[in-house]
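# A structural walkthrough
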There are 2 protein chains.
Amino acid sequence: MAATLEDSTVTYEELADLEREFEEVETEILRRQVELTRPLYEKRAKVVAQIPNFWPLVLEQAPPEIDEFVQPTDAALLLSSLTSLSVSHFEIEGGSNDGSGDPRSVAIRLEFADNDYFEDRVIEKKFWYRRSLDGWSGLVSEPVEIRWKKDKDLTNGLLSLVKRVWDQEQQQAASSNGNAPATAAEKRKAAKGRELTPDEKQLKAKIEEVGLGGMSLFAWFGYRGPKVSAEENRRAIEKEKNDKKLRLAGKKPEVDKKDEEDEDDDEEWDELEIFPEGDTLAIAIAEDLWPNALKFFTQAQEQDALSDMDFESDEDAMEEGSDTEPPSKKVKS
Amino acid sequence: MAATLEDSTVTYEELADLEREFEEVETEILRRQVELTRPLYEKRAKVVAQIPNFWPLVLEQAPPEIDEFVQPTDAALLLSSLTSLSVSHFEIEGGSNDGSGDPRSVAIRLEFADNDYFEDRVIEKKFWYRRSLDGWSGLVSEPVEIRWKKDKDLTNGLLSLVKRVWDQEQQQAASSNGNAPATAAEKRKAAKGRELTPDEKQLKAKIEEVGLGGMSLFAWFGYRGPKVSAEENRRAIEKEKNDKKLRLAGKKPEVDKKDEEDEDDDEEWDELEIFPEGDTLAIAIAEDLWPNALKFFTQAQEQDALSDMDFESDEDAMEEGSDTEPPSKKVKS
């Protein structure tokens, strides 16, 4: 079918502006939703803390977008040791909901009982919703280290390596006194022109060697995403506002040629990423597992009840088992 | 894993109450969301009306939950004739947002240009969010007729047959002067005890004969869902409130024995349903296709641009083509 936008008086920019208006309203609604549901989530946390294995049972029923990342060893570890899971919208919490923080930024916090794999009792990963100057937007994060017990590192050293590379980058940026590349696009360009550091080389080689299929869920704590700083995010939001004003005044916004040329490099930052789908997983946890935890738990209880009903005829069991409706469709009271 | 609820002091009812509290807040948020986004949807409708083939292009990019129901003939018809698609939350519109209507009820309206298949210019289907006395909740609807041109009925008579059966039921209910079965559970029980009418028999036989795999998307207009009346919905909401009060006062709510016994019959109403997944499709249109239409359209434009770039090397094309991120993750401005 023909590209129909060209055949109309509507411009691409007009549609993009409209999309941004929707985005603004949706973000505002999310902000209110977080406020309105917070007391309920607190109440839920108190109730489910009294139920043994609540979160492991919820995870057992996790939707495919989460379940696909859970390897058998991860599952065993989570089932035996996960004591709590929680999601917070940290940029708008603790009295800081003054409109400046983004409600799409989320922190995901896991708590564990004593276990054979690592020393940590709490592992928390933060995701910042950012916008880059060349038009990308989404969740970025920082590698979080796990203190593995001897020979128990489920990521085979990848997680600590990615953390080391990250720390080196931060040091380098700090020591370059503001001369370091500032935007994600500049960083990609700079990275292209230089040799990898020894640790980066090692990381790249290791990623190629082990491959990422079948990688432990715990490698997720190494997800970084595009290198969009808080400063670049601020500038991108500013630029967008100005561009819109210019368009509304009938003027053409400045186009950053440099960024335009860089389009092909879009995926470059992926090379040193040990969990490329880290943002997708974070969204699935924050927007599905977390809000629907009670439904997943009830599902787990029902499945358990079913497997207790061995005495039933096969036919009955088949019929009940074939009820594959999503939890949101059917709510038994 | 063991059923852990039994090992705790938390009751199933407590969890169900908590879920309902979440549901109430979410419904309230949806109500506000509908209000806040309405002006934007109106603005969008005006803009996209100027773009030829906007909705057919959006449908081309529809997510799998919608696309799987679109047969090749449906696609050809939609691409050549669909001029408009819109979703309204009709129970809370037109000044009736006084808190009594449910924002989850939706009407989906399709507009068509002159075409070879049917006479209608507008086909609209309403879905009511209802709750039954035996604990089901979800979307119910009424069959909507389509005035097919000669030998052009894409549903092979199924749609008009299901409409006839529906009309007979309504007549019968009206003539029985309030003695007709009132609740979905009673209707199922009554249906079980009696012979099918000739039209019902014909409908059942026809469904069995043609099978529903590969059925036209237009059979969706025949979806009915469980037979939950507005009156039963009202009673169910009332009962839920009372039950909760009783529980909070430490008393045990009355259990409707009749309904409990009926549990096995849950899926009985499906027998005469020509589009069993009608509610799922409605939700996918209302909650994904409709709000994300601009993104799907932009995707269609980008794909079109890609197929124009035949001169590019195969390698480049492969790389760009492999960018399979969902539209919500990556927004190019």
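Residues numbered from 1 in each chain as written. Chains lettered and ligands numbered in written order. Predicted model: local features only at pLDDT ≥ 70, side-chain atom pairs only at ≥ 80, totals over all residues. Heavy atoms only, no water.

## What to know about the overall build of chain A
Inclusion rule: Secondary structure elements follow DSSP: runs of H or I no shorter than four residues count as helices, runs of E no shorter than two count as strands, and numbering proceeds from the N terminus. Two residues qualify as a contact provided that any one of their heavy atoms is within 4.5 Å of a heavy atom in the partner residue.
Looking only at helices and strands, chain A has twelve helices and four strands in total. Of the contacts formed within chain A by residues at least 6 apart in sequence, a portion of 73% connects residues at least 24 apart.

## Points about the sheet that holds strand E3 (residues 122–131) of chain B
Whenever strands of a sheet pair, they do so through backbone hydrogen bonds, lying parallel or antiparallel. Residues and elements named next belong to chain B. Stated precisely, the cut-off is as follows: The criterion for strand pairing is that DSSP finds at least two bridges linking the strands in question. The convention used is that axes are lines fitted to C-alpha atoms, helices contributing only their stretch in contact, and that angles between N-to-C directions extend from 0 to 180 degrees.
Pairing is antiparallel across the open sheet formed by four strands, whose spatial order is E1-E2-E3-E4. Each of the sheet's edge strands pairs with one partner strand only, and the pair in question is strand E1 (82–88) and strand E4 (137–141). Going across the sheet, the axis of each strand differs from the next one's by a mean of 20°, ignoring polarity. When E3 meets E4, the two strands line up antiparallel, connected through five bridges.

## Digging into unusual backbone geometry
All names here are of chain A. Applied cut-off: Accessible area is worked out with a 1.4 Å probe on protein chains only. A residue is then buried under 20% of its type maximum, exposed over 50%, and partly exposed in between.
If you check the backbone angles, Asn53 has positive phi at about 60° while not being a glycine. Assignment of secondary structure puts Asn53 in the loop between helix H1 (12–48) and helix H2 (54–60). What makes Asn53 partly exposed here is its relative accessible area of 34%.

## A closer look at the packing of aromatic side chains
Residues and elements named next belong to chain A. Put simply, the test is: Stacked, tilted and edge-to-face pairs are distinguished by plane angle, under 30 degrees for stacked and over 60 for edge-to-face with tilted covering the rest, among Phe, Tyr and Trp rings (Trp via its six-membered ring) whose centres lie within 6.5 Å. Counted as over-ring charges are cases with an Arg CZ or a Lys NZ within 6 Å of the ring centre that also lie within 35 degrees of the ring normal.
The full count for this structure, using the stated rule, is 32 aromatic pairs over all chains. By the ring-pair criterion, three or more aromatic residues cluster together here, those being Phe112, Phe118, Phe127, Trp148, Phe218, Trp220, Phe221 and Tyr223. Taking NZ or CZ as reference, Lys125 lies 5.5 Å from the ring centre of Phe127, over its face. We note Lys126 situated over the ring of Phe90; from NZ or CZ to the ring centre the distance is 4.8 Å.

## A few points about the pairing of strand E2 (residues 106–112) of chain A
All names here are of chain A. Counting buried residues in E2 gives five out of seven residues, a clear majority hidden from the surface. Alignment of strand E1 (residues 82–88) against E2, held across six bridges, turns out to be antiparallel. Bridged to Ser88 within E2 is Ala107. Here six bridges tie E2 to strand E3 (residues 122–131), and the two strands are oriented antiparallel to one another. When the sheet's bridge partners are listed, Leu110 is paired in E3 with Ile123.

## Points about the nonpolar core
Quick note on the threshold: For the purposes of this section, nonpolar cores are sets of buried Ala, Val, Leu, Ile, Met, Phe, Trp, Tyr and Cys residues that join through side-chain atoms within 4.5 Å.
Residues Phe218(A) and Phe218(B) are the most contacted members of the largest nonpolar core, which totals 138 residues. Once residues lying within four places of it in the same chain are set aside, the contact partners of Phe218(A) are Asp74(A), Leu77(A), Leu78(A), Phe112(A), Phe118(A), Ile146(A), Trp148(A), Leu154(A), Thr155(A) and Leu159(A).

## Quick look at the pattern of salt bridges
Note the following rule: In the sections that follow, a salt bridge refers to a side-chain nitrogen of Lys or Arg positioned within 4 Å of a carboxyl oxygen of Asp or Glu.
Counted under the stated rule, the structure contains 40 salt bridges over all chains. As a salt-bridge pair, Lys150(A) and Asp151(A) come within 3.4 Å of each other at their nearest N and O atoms. Residues Lys150(A) and Asp151(A) agree in their burial class; the two are exposed. With a closest N to O distance of 3.4 Å, Lys201(B) and Glu195(B) form a salt bridge. Accessibility expressed as a relative area gives 60% for Glu195(B), which makes it exposed.

## Looking at the sheet that holds strand E4 (residues 137–141) of chain A
Residue and element names in this part refer to chain A. In spatial order, the strands read E1-E2-E3-E4; together these four strands make up an open sheet with antiparallel pairing. Each edge of the open sheet carries a strand with a single partner, namely E1 and E4. Each neighbouring strand pair of the sheet contributes to a mean axis angle of 20°, computed without reference to strand direction. Each of E1 and E2 touches helix H4 (residues 72–81); the most contacted strand, E1, lies at about 95° to it. The strands touched by helix H10 (residues 278–289) within the sheet are E1, E2, E3 and E4, with E1 carrying the most contacts at an inclination of about 95°.

## Observations regarding the packing of H1(A) against helix H1 (residues 12–48) of chain B
Let me state the cut-off plainly: Should an angle fall under 35 degrees it is called roughly parallel, over 145 degrees roughly antiparallel, and 65 to 115 degrees roughly perpendicular, with every other angle called oblique. Residues are sorted three ways: Asp, Glu, Lys and Arg are charged, Ala, Val, Leu, Ile, Met, Phe, Trp, Tyr, Cys and Pro are nonpolar, and all the rest, Gly among them, are polar.
For the pair H1(A) and H1(B), the least separation of the axes is 10 Å and the interaxial angle reads 170°. Taken together, the axis directions place H1(A) and H1(B) in an arrangement best described as roughly antiparallel. Among the residues forming the contact of H1(A) with H1(B), the class breakdown is 18 nonpolar, four polar and eleven charged.

## A few points about the UniProt feature "coiled-coil region" (unreviewed entry) in chain A
Counted only if it meets this: UniProt positions are given in the numbering used here, feature names are shortened, and annotations may be inferred rather than shown by experiment.
The feature "coiled-coil region" (unreviewed entry), as given by UniProt, occupies residues 8–35 of chain A in the numbering adopted here. The distance from the first to the last C-alpha atom of residues 8–35 of chain A is 42 Å, and the span holds 86% helix and 0% strand.

## A word on the environment of Pro63(A)
All names here are of chain A. Mapped onto the elements, Pro63 comes out in the loop between H2 and helix H3 (64–67). Looking at Pro63, the relative accessible area reads 10%, which means it is buried. Residues Pro63 and Ala284, spaced 221 residues apart in sequence, show a C-alpha to C-alpha distance of 8.4 Å. Among all residues touching Pro63, those that are not within four sequence positions of it are Asp288, Leu289 and Phe296.

## Observations concerning the environment of Ala191(A)
All names here are of chain A. Secondary-structure assignment places Ala191 in helix H6 (residues 184–193). Exposure remark for Ala191: the relative accessible area of 32% places this residue in the partly exposed category. Separated by ten residues in sequence, Ala191 and Pro181 place their C-alpha atoms 9.6 Å apart.

## Structural notes on the packing of H1(B) against helix H8 (residues 230–248) of chain B
Residue and element names in this part refer to chain B. Applied cut-off: By convention, the crossing between two helices is left-handed when the near helix turns anticlockwise from the far helix through less than a right angle, and right-handed when the turn is clockwise.
Taken N-terminus to C-terminus, the directions of H1 and H8 make an angle of 130°; their axes are 12 Å apart at the nearest point. Here H1 is positioned oblique relative to H8, judged by the angle of their axes. By crossing handedness, the relation of H1 to H8 is classed as left-handed. Contacts between H1 and H8 involve Glu13, Asp17, Arg20 and Glu21 from the former and Glu240, Lys244 and Arg247 from the latter. Along the lines of polarity and charge, the residues of the contact of H1 with H8 split into no nonpolar, no polar and seven charged.

## Structural notes on the side chain of Asn233(A)
Residue and element names in this part refer to chain A. Definition in use: As used in this structure description, the phrase polar contact means that two N or O atoms lie within 3.5 Å; if the pair is within protein, one of them must be able to donate a hydrogen and the other to accept it, and residues adjacent in sequence are counted only when both atoms belong to side chains.
As for its position among the elements, Asn233 is in helix H8 (residues 230–248). The exposure class assigned to Asn233 is buried, which follows from its relative accessible area of 14%. One polar contact links the side chain of Asn233 to the main-chain amide nitrogen of Arg131, over a distance of 2.8 Å. Residue contacts for Asn233: discarding those within four places in its chain leaves Tyr129, Arg130, Arg131 and Val228.

## A word on helix H4 (residues 72–81) of chain B
All names here are of chain B. Which entries qualify depends on this criterion: In this context, the arc is that of the directions from the helix axis out to the C-beta atoms.
For H4, the set of buried residues is Asp74, Leu77, Leu78 and Ser81. Angular distribution of buried residues about the axis of H4 spans 95°; they occupy a single face of the element. Set apart from the buried face of H4 by more than 90 degrees, the exposed residues are Pro72 and Ser80. Its buried side turned inward, H4 meets helix H2 (54–60), E1 and strand E2 (106–112).

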